[in-house]
Amino acid sequence: MKKATIIDVANACGVSMKTVSRVINNSPNVSDATKKKVFAAMKEQGYQVNILAKGLKGNRTNIIVVFADRHHEEHLSIWHNIMLKHLFSYAKDRNMKIVLSPSNSEKFEEDETDGFYLMASGIADGAILLENILNDPRVDYFEKHNIPYVVFGEPENPDVPSVSLDNFDVGYNGGRYLIGRGYSKIALLIGEQKFLSTQLRIEGFEKAMYGTGAQYHIFTGIDTVEKAYHKSKEVLEEYDIQAFFVSGDERALGVYRGIYEKGMRISEDVAVLGIDNITLGEFYYPPISTVAQDFKQLAKCCIDFVVGEIEEGKKEDARKIFKFPTEIIERKST
């Protein structure tokens, strides 16, 4: 069967080739009715956009690869899904396409499923790293090959472009909030310690505890709902705990179950404070108090920075570090 062309699409819906091209390139100068007609003709004709050929005109593909750390193949949490939703939205506004790739923050050379093969072959114009560790080989690769990128998180190297929450304040504000609510026996459940964001949250939390006389325990490596569930049961068996501070509202769901299975109540017996303010948290029972972040603001900043680097080129004197505050949203769990 002959492959459909842009001419076939134009003839099928009675518009010019130029109009079809504008629709394909998401031009704002085309009415919604015309776009609908063109897309219907594309579907009917079996027309597919050749992304690579389309990008060759300006020596660009308009593709940004978003790398999500594999986390032992537990790499897509609710947090990732929310962030990706907004990254996709803002990328579309800038006429860019997003390709998601699971990635290993420690090595990539021998992993053919890693999106670095797209970067190495020139199929993508830029990248966003949703996690970063010290001496991350991906950052070294981007710098060496002059590829526009940004890290979501707080890298230890101040020369690495980054968009992040103030993670020290995440831990500090959460800790101070719990102390202010009268909780003095607190367990912090948090993710892998190799990430600087984890380290900074722990530092902030310990600073909040300093001089208060509070008894606290910190448990790292809690990066799934299941791990949070099992750890909460262990903690309640071994310690007298008044409050859990959980790095991630999604993981807090496991803590909820652990508390209920012990025959305890939230917040009458044990309080729970999360981080992220995912929409689902409002529907927990009881709704979870949380250290909130602005997903839209963070995603927009990531896209704007990378697209700016792609379109205008890297500027040595340009701002590279973007750090955003958080706020406590109090609900019924505390």
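To keep things clear, this report deals only with the structure shown in the data block. Owing to the predicted nature of the structure, the values given are computational and were not obtained by experimental measurement. (Residues numbered from 1 in each chain as written. Predicted model: local features only at pLDDT ≥ 70, side-chain atom pairs only at ≥ 80, totals over all residues. Heavy atoms only, no water.)

**Brief notes about the sheet that holds strand 9 (residues 271-276)**
Line of reasoning, step 1. If you trace the six strands from one edge of the open sheet to the other, you get 7-6-8-9-10-12, paired in mixed fashion. Lying at the two open borders of the sheet, with one neighbouring strand each, are strand 7 (215-219) and strand 12 (327-329). Strand-to-strand twist of the sheet, defined as the mean angle between neighbouring strand axes without regard to direction, takes the value 20°.
Line of reasoning, step 2. Of the strand pairs in this sheet, strand 10 (residues 289-292) and strand 12 are connected by three bridges, and their pairing is antiparallel. Paired with Val291 across the bridge in strand 12 is Ile328. (Pairing = 2+ DSSP bridges. Helix = DSSP H or I, 4+ residues; strand = E, 2+ residues; numbered from the N terminus. Axes fitted to C-alpha atoms, helices over the stretch in contact; angles between N-to-C directions.)

**Points about the side chain of Asp223**
Line of reasoning, step 1. Within the secondary structure, Asp223 sits in the loop between strand 7 and helix 10 (225-238).
Line of reasoning, step 2. Overall, the relative accessible area of 12% leaves Asp223 in the buried class.
Line of reasoning, step 3. Among the polar contacts made by the side chain of Asp223, one reaches the side chain of Lys227 at a distance of 2.9 Å. (Buried < 20%, exposed > 50% of the residue type's maximum accessible area, 1.4 Å probe, protein only. Polar contact = N/O pair within 3.5 Å; in protein donor to acceptor, adjacent residues only side chain to side chain.)

**Here we look at the sheet that holds strand 2 (residues 97-103)**
Line of reasoning, step 1. Taken together, six strands build an open sheet; the order of strands is 2-1-3-4-5-11 and the sheet is parallel. Looking along the sheet, the strands with just one partner apiece sit at the ends: strand 2 and strand 11 (321-324). The mean inter-strand angle of the sheet, taken between neighbouring strand axes irrespective of direction, is 20°.
Line of reasoning, step 2. Bridging between strand 1 (residues 63-69) and strand 2 involves seven bridges; their strand directions are parallel. Of the residues in strand 2, the one forming a bridge with Ile63 is Lys97.

**Considering the packing of aromatic side chains**
Line of reasoning, step 1. Per the counting criterion, the structure on display carries twelve aromatic pairs.
Line of reasoning, step 2. Taking the centre distance of 6.3 Å and the plane angle of 10° together, the rings of Phe168 and Tyr172 count as stacked. A residue pair is termed a helical-turn pair when its members lie 3 or 4 positions apart in one helix, as Phe168 and Tyr172 do in helix 8 (residues 167-180) at four residues.
Line of reasoning, step 3. Under the relative-accessibility criterion, Phe168 is labelled partly exposed at 28%. (Phe/Tyr/Trp six-rings, centres within 6.5 Å; stacked < 30°, edge-to-face > 60°.)

**Looking at helix 8**
Line of reasoning, step 1. In a regular helix each residue adds 1.5 Å, so 14 residues correspond to 20 Å; helix 8 covers 20 Å between its end C-alpha atoms and thus fits that length.
Line of reasoning, step 2. Listing the buried residues of helix 8 in full gives Asn167, Val170, Gly171, Gly174, Gly175, Tyr177 and Leu178. Across the axial projection of helix 8, the buried residues extend over an arc of 160°, all falling on one side.
Line of reasoning, step 3. Count one or two residues on from helix 8 and you reach Gly182, which has phi positive near 95°. (Expected span 1.5 Å × (residues − 1). Arc of directions from axis to C-beta.)

Note that every value here comes from positions in space, so none of it alone points to a role or purpose.
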